[in-house]
Each structure stands twice: as structure tokens, then as C-alpha cells.
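Residue-level structural notes
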Amino acid sequence: MSRDPATVSAWFAPSLPSAPRCPPAARCSAPEHAKETVKMREAIHNLEASKIREVANAGIGRADVLAFWFGEGDEVTPEPIRQAAIASLQQGETFYAHNLGLPELREAVARYMSGLHPAIDAARIAITSGGVSALMLAMQALVDAGDEVVAVTPVWPNLTAQPAILGARVRCVSLVPKAGQWTLDLDALRATVTPATKLLVLNAPNNPTGWTLTRAEQQEILDHCRRTGTWILADEVYERLYFEPSPTPSGLKQDAPSDGPVPNGCAPSFLDVAAPDDRLVVVHSFSKSFLMTGWRLGWLVLPPALVEGMGKLIEFNTSCTSVFTQRAGIAALAHSAEITPRVVAHLKTCRDTLIPLLAELPGVQVAPARGGMYAFFRLEGFDDSLALAKRLVAEAGLGLAPGSAFAPEAQGWLRWCFASKDPGRLVEGVSRLKRWLAQ
């Protein structure tokens, strides 16, 4: 028998609690206590906004500004990589993939890494939606709220913000500048990393300083962390952007002698000195050495025991990396011998164009970076790098990143990304800085 809506409503109404009604004067405003409930977690609420973005926002859209503030070049992704993604989309590859990545890409990454380091099995590779995601996934896998995390700074701010987001206690060991060249005090690091330290975070080659670990330093750090039971999270996304001779890792099967240069070489890596089951996670990205910043494609090299759990974490974060992006990654690795050496050679030209010009300016403290894509320098007499960077945008038409974005100890320093398709832009940038200083 059918019932009209009014009758049915009457049957159920007595069992439903009546919603409180605001008096007319209060209907447009929430009570004071309700305002507190809309705030995010304290760790998120307290995150510092990007100072690089703060400077960039003051100059984006201005055609008269030469922008060197972000960590990417102005050259588009090579054609074979773009065409691989286009072909994938045209074939309809728009569905989910395996959490850990396409088997073809994991195999390609393993072959690529094994050409630079001792052999790495594809089963240890996890594909991620960018290097940033890889870092956060590693943090989630290793860090609990209240854990102690030690980071070597100055460093890209995500590496200290991510453990703080998870509720960890972050302690920093500062690199020390000497005549513009930043160095690590190993004694200070050993004193800071104790059995109470869950994770040590290192980025080398380093953003922003260009500092790079030697293999001997990596061995000392690894040995110390083995004694303390501390995990190492090594951000090695700049390893191919390396401008010094590269010794061949022990165990690498090549015709070159053990101390000879690596073809298409790279910076020293923890993978050269560690065993597969060491407490080591290494993060990589396609962004820098393949000109793929916007693609958001990276990978992790993991101890075998972490791989299954990492697949679960990827499921709960991003499910998987898009298939057409992974096809682009396969193409990038297939063409790595022609793409990456060209990128590195051009970046070295850019570095060697910029650094001498900066060094000639009065009051500038700078040294050539051993790796990476940045000149990190100090202007004598300017202690507030954020204020200085804003003034350079407004008064000189020059966009640089403030050193204070990377650590308090980098206050007064500036980061200049020298990844420019036209090195002439770097020359013009220094000319603008010189004219501004003269005023």
C-alpha cells in the first residue's frame, strides 16, 4: 500500500533528533569556539610558506625580470620523451598501473642504475609520482611521531618540512662555508647522530650549495649509522649533474680501471658503498638530468624488506604513476646516453660562464659548485636575503632565491639557478646585478 510523503515523514520524525536552530541574529556567524575547529593540524598550520614563491610572486608576469629563482631550466623536454607519452595516450593507456610501477620501467631503471653503480635488482625499484613524492613516501615508511630526524642543511626546505609534518623532531647539522665553498664537519655530524636518531637526511649534490659528499665521507657516515642503527635517506636527484671526475664504484663491471672515470659519470653515491640490506633509501628523479620537471616522475631504491610495504604506501598516496608518464620515462632512459651528457655539458658551460663573472663583483663570496645547477653566493653588507631578493626583483629586474629559504644559517646568501638555454641570459643577469650594486 502506498503512502504519501507527508505520512511517511510523520512516522520517522519522532525518532530523529531535531537540529538546533540558530536565532535569526546568529544565523550568519558561527560561535567563537567553532572557529578553532577549522584549523589544520598544528604541524601543518605552522609550516612556513615558501620564501622562493614569495619572491617569485613579486616578479611573475613582469617581462622585464630575468628569472633564475626556481630549480629548473628553460629548455623543454627532449622530443623522443614527449613522443613516447603522446604514443601512449593515442594507444589509450589511460588506466591504472601497478603500485610499484610498470615492470618495463623498473627493469629499465635497474639497468640504468647498474651502469653507474654496483648491480641493482629491479625488485628493489619503486616508481613514484616525482622525487617529492618519493621523499615523502620514504619519510612515511620510516618516521613515527616523536622520532628524531637529523638533516644536513642548508637544504631544499621540503626535506626538513616533511618529517615535521609527520610529527618528528628535526635537528640540523649545518654545512660550513669557507671562501664560498660549503663543507661538512664530520665530527659534528657524528656527535649529532646517536642511537636516538631514527633517520639521517642528506642531499648531495646539494641544493642550494652545490656541496657534494666524497666516497670516503659516505663510507664514514654509513659506518657510523650502522653503529647507531640510524636509517639514511639519500636524496641523490642531482647525481648526474656532476662536474668533477667520477671514480668507478667498486663492483662496477666495466673495462675502466677501478679508479678510472665512469662513462657518463655521476657523483659518488651511497649505493657504491652500501649493501642491499643496509638501512638506506635512495631517492631519484627524472626532473633534472632529463629535463622533465613537470612530468612528476621519480623512483626509490629500497632494501628488499621495504618493497612490499612501499607498494601499500603508494596505493594510499597516489595509487600509481600514470602509464603515459612512465612510457616517457622508459624513452628517457633509452636515450640517456645522448640526452644527459649534453645536459651536463651545457650546465657546466653555464656554471663556468656565471661563476667568474660573479667572482669579479666587489663584495661577492662564491665558489663553483661541484654538482647541481646552482650558484650560491653572498653579497657583503646584505644580511637579510629575503629583503635583498625582493629588492633585486623590483630594482634590478633580477629574480633569485633567498638563502634563508634553505636554512637560517644561509641568511644573507642567494641562490642563482644557472640552467639557462641561453648563457647570454646569465651574462645579462650579472650586468644587472653589477649596475644595481654600483647605484
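Above this text sits the structure in question.
The structure displayed is predicted, hence computed values, not measured ones. (Residues numbered from 1 in each chain as written. Predicted model: local features only at pLDDT ≥ 70, side-chain atom pairs only at ≥ 80, totals over all residues. Heavy atoms only, no water.)

What to know about the nonpolar core
Across soluble globular proteins, nonpolar side chains have a tendency to be buried as a group. Residues L184, I221, F286, L300, L358, F377 and W416 are the most contacted members of the largest nonpolar core, which totals 129 residues. In terms of residues, this core owes the most to one element, helix α13 (residues 336-359), which gives eight residues. In this view, L184 contacts V152, V173, L175, L189, W211, L213 and I221; residues no more than four positions away in its chain are not counted. (Core = buried A, V, L, I, M, F, W, Y, C linked by side-chain atoms within 4.5 Å. Buried < 20%, exposed > 50% of the residue type's maximum accessible area, 1.4 Å probe, protein only. Helix = DSSP H or I, 4+ residues; strand = E, 2+ residues; numbered from the N terminus. Contact = heavy atoms within 4.5 Å.)

Section: the packing of aromatic side chains
As enumerated under the stated definition, the model contains 14 aromatic pairs in all. Taking the centre distance of 5.5 Å and the plane angle of 40° together, the rings of F382 and W436 count as tilted. On the criterion of sequence distance, the pair formed by F382 in the loop between β12 (374-379) and α14 (385-396) and W436 in helix α15 (residues 423-438) is long-range, its members being 54 residues apart. On the basis of relative accessible area, W436 is assigned to the buried category, the value being 7%. Among the aromatic residues, those joined into a ring-pair cluster are Y112, F286, F290 and W299. (Phe/Tyr/Trp six-rings, centres within 6.5 Å; stacked < 30°, edge-to-face > 60°.)

Digging into the packing of helix α7 (residues 131-142) against helix α11 (residues 304-317)
Running from amino to carboxyl end, α7 crosses α11 at an angle of 115°, the nearest separation of the two axes being 10 Å. Between α7 and α11 lies a crossing whose hand is right-handed. Counting all contacts with α7, which are made through L137, A138, Q140, A141 and L142, the residues of α11 involved are L306, M310, L313, I314 and N317. (Axes fitted to C-alpha atoms, helices over the stretch in contact; angles between N-to-C directions. Left-handed = near helix turned anticlockwise from the far one by under 90°.)

So, the pairing of strand β7 (residues 197-203)
Among the seven residues of β7, six are classified as buried, and the element is accordingly described as predominantly covered. As paired elements, strand β3 (residues 148-153) and β7 share four bridges and run parallel to each other. The residue of β7 that forms the bridge with V150 is L200. As judged from the five bridges shared by β7 and strand β8 (residues 231-235), these two strands associate in the parallel manner. Directly across from L202, in β8, lies its bridge partner A234. Note on the crossover from β7 through helix α10 (residues 215-228) to β8: the handedness is right-handed. (Pairing = 2+ DSSP bridges. Right-handed = clockwise from strand over helix to strand, strands pointing away.)

Examining the sheet that holds β12
Strand order in the open sheet formed by four strands is β11-β12-β15-β14, and the pairing between neighbours is antiparallel. Every interior strand has two partners, whereas the edge strands, β11 (364-365) and β14 (401-402), have only one. The sheet contact formed by β11 and β12 spans two bridges and is antiparallel. Its bridge partner lying in β12, Q365 is registered against R378. Along the sheet, α14 contacts β12, β14 and β15 (413-417); its crossing angle with β15, the most-contacted strand, is approximately 50°.

Considering the sheet that holds β3
Pairing is mixed across the open sheet formed by seven strands, whose spatial order is β2-β10-β9-β8-β7-β3-β4. Looking at strand neighbours, the two that pair on one side only are β2 (125-128) and β4 (169-174), the edges of this open sheet. Put simply, the sheet's adjacent strands are angled 20° from each other on average, direction ignored. As defined by bridge partners, strand β9 (residues 280-285) adjoins strand β10 (residues 298-301) across four bridges and the pair is classed as antiparallel. Within β10, the residue paired with V283 across the bridge is L300. Here helix α8 (residues 158-165) sits on the sheet and contacts β3, β4, β7 and β8; the angle it forms with β4, its principal contact strand, is near 160°.

Remarks on the pattern of salt bridges
Think of it this way: side chains of opposite charge can pair up when their charged atoms draw near. Summed over all chains, the structure comprises 22 salt bridges. A salt bridge links R171 to E148; the nearest nitrogen and oxygen atoms lie 3.6 Å apart. With R171 in strand β4 and E148 in strand β3, this residue pair connects regions lying 23 residues apart in the sequence. A relative accessible area of 38% places R171 in the partly exposed class. With relative accessibility at 6%, the residue E148 sits in the buried group. (Salt bridge = Lys/Arg side-chain N within 4 Å of Asp/Glu carboxyl O.)

Notes on unusual backbone geometry
The omega torsion across T153 and P154 is 5°, close enough to zero to call that bond cis. Examined against the element boundaries, P154 turns out to sit in the loop between β3 and α8. Of note, the bond from A204 into P205 is cis; its omega dihedral lies within 30 degrees of zero at -5°. Within the secondary structure, P205 is located in the loop between β7 and α10. We note that A179 has phi near 55°; this positive angle belongs to a residue other than glycine. Positive phi outside glycine occurs at L291, with the angle close to 55°. In this structure, L291 sits in the loop between β9 and β10. Residue classification places L291 among the buried residues on the basis of a relative accessible area of 17%.

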